[in-house]
Amino acid sequence: MTRNQQLYAWLLLLPALALLTAFTYMPTVATIWHSFTGSGMQDNVGFNLDNYRDLIDDDVFWQVLRNNLIYAAVTVPVSIVLALVMALWVNSKIRGKGALRLAYFTPTILPMISVANIWLFFYTPEIGLFNTILGWFGHKGYNWLGDPNLSLYSLMLMAIWKEAGFFMIFYLAALQGISPDLYQAAELEGAGRWTRFRRITLPLLMPTTLFVLINAFLNAFKLVDHLFILTKGGPNNASNLLLYYIYENAFSFFDTAYASALTVALLLILVVIALIQFGVIERRVHYR
Amino acid sequence: MSFLSVKGLSKQWADTQAVSDLSFDVDEGEFIALLGPSGCGKSTTLKMIAGLDTPSAGRILLNGQDITDRAPGQRRLSMVFQSYALFPHLSVKENILFGLKARKVAANEQKQRLDRAVELVNLGDQLHKKPSQLSGGQCQRVALARAIVSQAPLCLMDEPLSNLDAKLRNEMRSEIRALQKQLGLTVLYVTHDQIEAMSMADRILLLNDGKLEQSGAPEALYNQPASLFVARFIGHPPMNILEKGDRLVGIRPEHIRLTGHSQSPNATVMHCDYQGSDTQICVDHQGASITLSLQGHHLLPQGHPLDITWDRQHEHHFSTQTGLRQTAPSQPKESSHV
């Protein structure tokens, strides 16, 4: 490359690079720095590992981490499988599939806050939709958000409802990119419905699955808007998630140094997940 | 009893009749070309025989058994697609073995059939590549190998060569024909290319507008076209058609010759097309445009006078009303100088 071309390349990269540096890389570095040198609201009290010692001793942190792992372990596979099933269904030759696609996609268009408000009504004891329906069958209903054994699962249910439609769109687009000739050829070769799905559809959808998987995992850790409306992490942290706990520490308990240490822990988790996904799954993905 | 028998096959969508009342028989080991312009229903016919499309009416019999309502996989036939329909995520080997695995053929049997097919289509060192790493011709061979290993007695081919360049197409034409003879396959070959049909097929079925226009050996279609449509479709450059009273007279370009003595020229040159081995000359003959074909290089200036003639035995006569072939009216003279 000539010097001029080098210059052009850097000029073209500059806007994105400047934004990323100012709002992603700098804060990341600042956070890491702060987690090692801060204490409470104070900056630069000298290098120390107190925040990390606190973190290891913090029972709430471990509970929140466990909550978040359960949350991811359930919502990610369930919403992906659901998305695939819905996509296969609305991609088939059925009547009214336009309306069906729209219906499945609607939860995605709604902001998380609105969704949470709608589901707040579903979950409300006494007058809520779910308990009303249960009441018709003579059941006294559940305290969906107030019961520590139920609140996390109630959040998951809503998250799945919201995410599956979004992922369905990706699967639908990928399905429509598969040539019908392939299915016809397979059919002529005597491959049944299940063989066609397993040997053609699934492998050809692998790039989409990888993409969706990464997004789903990231969302499981970074999408906590609904906690503000539904449970605020309660009762007694039973439904608290890592990012919401970071927010609480930074802006409710005003312990930004500890929040920084928590953030570093969150970042590490996300990096590990990304490495696993790209490393392990990429090798089994066929890109056309 | 014929091997494949199609009886009164029809396909109709909302307001279009793609195939109407099509009937034909194919003998075992025959190479049949389904020829016709695009939209004539030839691909639809093939898909109905394959079971990928449901006929609106009619029956399909293979080996005496009615297969009209059978699933595609149960019909004991193989198919080569225009797009090759190779599975992009599978290696060449896995592509070829796909059907055998789906049918749970024993592993050593799979290997035998694979080795034989790979040898037949000459794919030896490509077995572990993905289709995206192959050229068009190699993809075509994989598709052929996939058809061969299935050992289905009937092979359907849907314009298999139309995505290849001209040189490769010529090579594959003779290769497919040789394979078909060697394996004793019965092939139903859909094409819009008359050269493919003429050079490969034992018999051509010429379709027009969903109906069978003429069926017969290539030379029969060329020498005895049953209708004006066949006359115009088969042959390149196409047959010249002249109006003569109540009938239409057709004469092939290669049957027109120059008389040599041009005291009374009856045609003038409009333009010439030099094509290497011959030159196609388009002339104005009594107000009608006629193309004739001369061997060698003849670039004549526009307006150049020519005296052309042909033998009466080479004339084809068609009815103006029906477009069907008629017998030539008897005339005393052996050769007519028009």
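The residue numbering used here restarts from 1 in each chain and proceeds along that chain's sequence as written. Going through the entries in the order they are written, you letter the chains from A and number the ligands from 1. pLDDT decides what is reported in this predicted model: residues at 70 or higher carry local features, side-chain atom pairs at 80 or more are listed and counted, and totals for whole chains, interfaces and linings draw on all residues regardless. For side-chain calculations, the full set of non-hydrogen atoms in the structure is used, while hydrogens and water are omitted.

**Remarks on the overall build of chain B**
Helix numbering and strand numbering both begin at the N terminus, where a helix is a DSSP run of H or I of at least 4 residues and a strand a DSSP run of E of at least 2. A tally of regular secondary structure across chain B gives 8 helices and 21 strands. Residues classed as buried in chain B amount to 51% of the 338 residues present. Long-range pairs, those at least 24 residues apart, make up 63% of the contacts in chain B with a sequence separation of at least 6. Just so you have it, chain B exposes about 15,600 Å², and 47% of that area is on carbon and sulfur atoms. Each charge sign in chain B was given a centre, from 34 positive and 35 negative side chains, and these centres are 7 Å apart. Exposed residues in this analysis have more than 50% of their type's maximum accessible area, buried residues have under 20%, and partly exposed residues fall in between, with area computed by a 1.4 Å probe over protein chains only. Two residues qualify as a contact provided that any one of their heavy atoms is within 4.5 Å of a heavy atom in the partner residue. For accessible areas, the Shrake-Rupley method is used with a probe of radius 1.4 Å. Any residue's cover is judged against the shown protein chains and nothing else. All tallies of charge rest on Lys and Arg as positive and Asp and Glu as negative; His and the ends of each chain are not included. In plain terms, the charge of a residue is placed at NZ if it is Lys, CZ if Arg, CG if Asp and CD if Glu.

**What to know about the nonpolar core**
Among buried residues, the Ala, Val, Leu, Ile, Met, Phe, Trp, Tyr and Cys ones that are joined through side-chain atoms within 4.5 Å form a nonpolar core. Ranked by internal contacts, the top residues of the largest apolar core, which has 101 residues, are Phe-61 of chain A together with Leu-4, Phe-24, Ile-49, Leu-156 and Leu-188 of chain B. When residues no more than four places from it in sequence are discounted, the contact partners of Leu-188 of chain B are Leu-4, Phe-24, Val-26, Ile-32, Leu-34, Leu-46, Ile-49, Cys-155, Leu-156 and Met-157 of chain B. If you look at the next biggest cluster of nonpolar residues, it comprises 45 residues, including Leu-86, Leu-97, Val-142 and Val-149 of chain B.

**Quick word on the domain arrangement of chain B**
Along its sequence, chain B is carved into domain 1 (4–223) and domain 2 (237–336). As annotated, the domain borders come from an automatic or database domain assignment. A C-alpha centroid distance of 39 Å is found between domain 1 of chain B and domain 2 of chain B.

**Some remarks on the interface of chain A and chain B**
Across the contact, 17 residues belong to chain A and 24 residues belong to chain B. Summed over both sides, the interface of chain A with chain B buries roughly 1,800 Å², with 66% coming from carbon and sulfur. When two parts are put together, the accessible area they lose, computed with a 1.4 Å probe and summed over both, is reported as buried area. Looking only at chain A, the three residues that lose the most surface to chain B are Leu-188, Glu-189 and Arg-199 of chain A, adding up to 43% of its buried area. What makes a salt bridge here is a side-chain nitrogen of Lys or Arg within 4 Å of a carboxyl oxygen of Asp or Glu, nothing more. For the pair chain A and chain B, the number of links is 2 salt bridges. Salt-bridge contacts for Arg-146 of chain B lead to Glu-189 of chain A; the nearest nitrogen and oxygen are separated by 3.8 Å. A 3.5 Å cut-off defines polar contacts: any pair of N or O atoms within that distance qualifies, except that in protein one atom must be a possible hydrogen donor and the other a possible acceptor, and neighbouring residues in sequence count only when both atoms are side-chain atoms. Counting across the chain A and chain B interface gives 6 residue pairs in polar contact (both at pLDDT 80 or more). Secondary structure elements with two or more residues in the side of chain A that touches chain B: helix 8 (180–188) and helix 9 (193–222) of chain A.

**Topic: the environment of Met-200 of chain B**
Residue and element names in this part refer to chain B. When you line up the elements, Met-200 lands in helix 6 (residues 194–200). A C-alpha to C-alpha distance of 31 Å links Met-200 and Ala-328, two positions 128 residues apart in sequence. In this view, Met-200 contacts Phe-31, Arg-173, Ile-176, Arg-177 and Tyr-189; residues no more than four positions away in its chain are not counted.

**Side note on the sheet that holds strand 6 (residues 77–80) of chain B**
Residue and element names in this part refer to chain B. What makes two strands pair is DSSP finding at least two bridges between them. Taken in spatial order, the 6 strands make up an open sheet running 6-7-8-3-9-10, and their pairing is mixed. Only two strands of the sheet have a single partner each, and these edge strands are strand 6 and strand 10 (211–216). Strand-to-strand, the axes of this sheet are offset by a mean angle of 20°, without reference to chain direction. Strand direction decides the pairing type here: strand 9 (residues 203–208) and strand 10, joined by 5 bridges, are antiparallel. Considered in strand 10, the bridge of Leu-207 is made with Leu-212. Axes here mean lines fitted to C-alpha atoms, for a helix over just the part in contact, with angles spanning 0 to 180 degrees between N-to-C directions. Sheet strands touched by helix 1 (residues 42–50): strand 3 (31–35), strand 6, strand 7 (154–158), strand 8 (186–191) and strand 9. Its angle to strand 7, the strand with the most contacts, is close to 145°.

**Looking at the sheet that holds strand 15 (residues 278–285) of chain B**
Pairing between the strands of a sheet comes from backbone hydrogen bonds, and it takes one of two forms, parallel or antiparallel. All names here are of chain B. Taken in spatial order, the 4 strands make up an open sheet running 16-15-14-17, and their pairing is antiparallel. The two strands at the open ends of the sheet, each matched to only one other strand, are strand 16 (288–295) and strand 17 (305–306). Across 2 bridges, strand 14 (residues 267–274) lies against strand 17 in antiparallel orientation. Across the sheet, Ala-267 pairs through a bridge with Leu-306, a residue of strand 17.

**A word on the packing of helix 2 (residues 92–102) of chain B against helix 3 (residues 107–121) of chain B**
Geometry of a packed helix pair, given as the angle between the helix axes and the separation of the axes. All names here are of chain B. Following both chains from N to C, one finds helix 2 and helix 3 inclined at 135°, their axes separated by 11 Å at the closest point. Relative to helix 3, the element helix 2 lies oblique. Crossing of helix 2 over helix 3 shows right-handed handedness. The residues of helix 3 that touch helix 2, namely those facing Lys-93, Ile-96, Leu-97, Leu-100 and Lys-101, are Gln-110, Arg-113, Leu-114 and Val-118. Its residues assigned to classes, the contact of helix 2 with helix 3 shows 5 nonpolar, 1 polar and 3 charged. Here the angle decides the label: under 35 degrees means roughly parallel, over 145 means roughly antiparallel, 65 to 115 means roughly perpendicular, and every other value means oblique. By definition, any crossing whose near helix is turned counterclockwise from its far helix by less than a right angle is left-handed, and any crossing with a clockwise turn is right-handed. All residues other than Ala, Val, Leu, Ile, Met, Phe, Trp, Tyr, Cys, Pro, Asp, Glu, Lys and Arg, Gly among them, are scored as polar; the first ten of these are nonpolar and the last four charged.

**Some thoughts on the packing of helix 3 (residues 59–91) of chain A against helix 9 of chain A**
Residues and elements named next belong to chain A. Interaxial distance between helix 3 and helix 9 falls to 10 Å at its minimum, and their mutual angle equals 140°. The orientation of helix 3 with respect to helix 9, classified from their angle, is oblique. Crossing hand, helix 3 versus helix 9: right-handed. Contacts from Asn-68, Leu-69, Tyr-71, Ala-72, Thr-75, Val-76, Ile-80, Leu-84 and Leu-88 in helix 3 reach Phe-197, Thr-201, Leu-202, Leu-205, Val-212, Leu-213, Ala-216, Phe-217, Ala-220 and Phe-221 in helix 9. A class-by-class count of the residues in the contact of helix 3 with helix 9 yields 16 nonpolar, 3 polar and no charged.

**Some words on the pairing of strand 7 of chain B**
Residues and elements named next belong to chain B. Most of strand 7 sits inside the fold, with 5 of its 5 residues counted as buried. Along strand 7, one buried face is formed by Leu-154, Leu-156 and Asp-158 and the opposite face, lined by Cys-155 and Met-157, is buried too. The pairing of strand 6 with strand 7 spans 4 bridges and is classified as parallel. Residue pairing in the sheet places Ser-78 in a bridge with Cys-155 of strand 7. In this structure, strand 7 lies alongside strand 8, joined through 5 bridges in parallel fashion. For Met-157, the partnering residue across the bridge sits in strand 8 and is Tyr-189. Look down the strands so they point away from you; if going from the first strand over the helix to the second traces a clockwise path, that crossover is right-handed. As a crossover connection, the stretch from strand 7 through helix 5 (residues 166–183) into strand 8 is right-handed.

**Some points on the side chain of Gln-180 of chain B**
All names here are of chain B. With respect to the element layout, Gln-180 can be found in helix 5. Look at Gln-180 and you get buried, because its relative accessible area is 2%. In terms of polar contacts, Gln-180 uses its side chain to reach the backbone carbonyl oxygen of Gly-29, at 3.0 Å. One polar contact links the side chain of Gln-180 to the main-chain carbonyl oxygen of Leu-185, over a distance of 3.0 Å. If we skip the residues at most four places from it in the chain, Gln-180 touches Gly-29, Glu-30, Phe-31, Leu-185 and Val-187.

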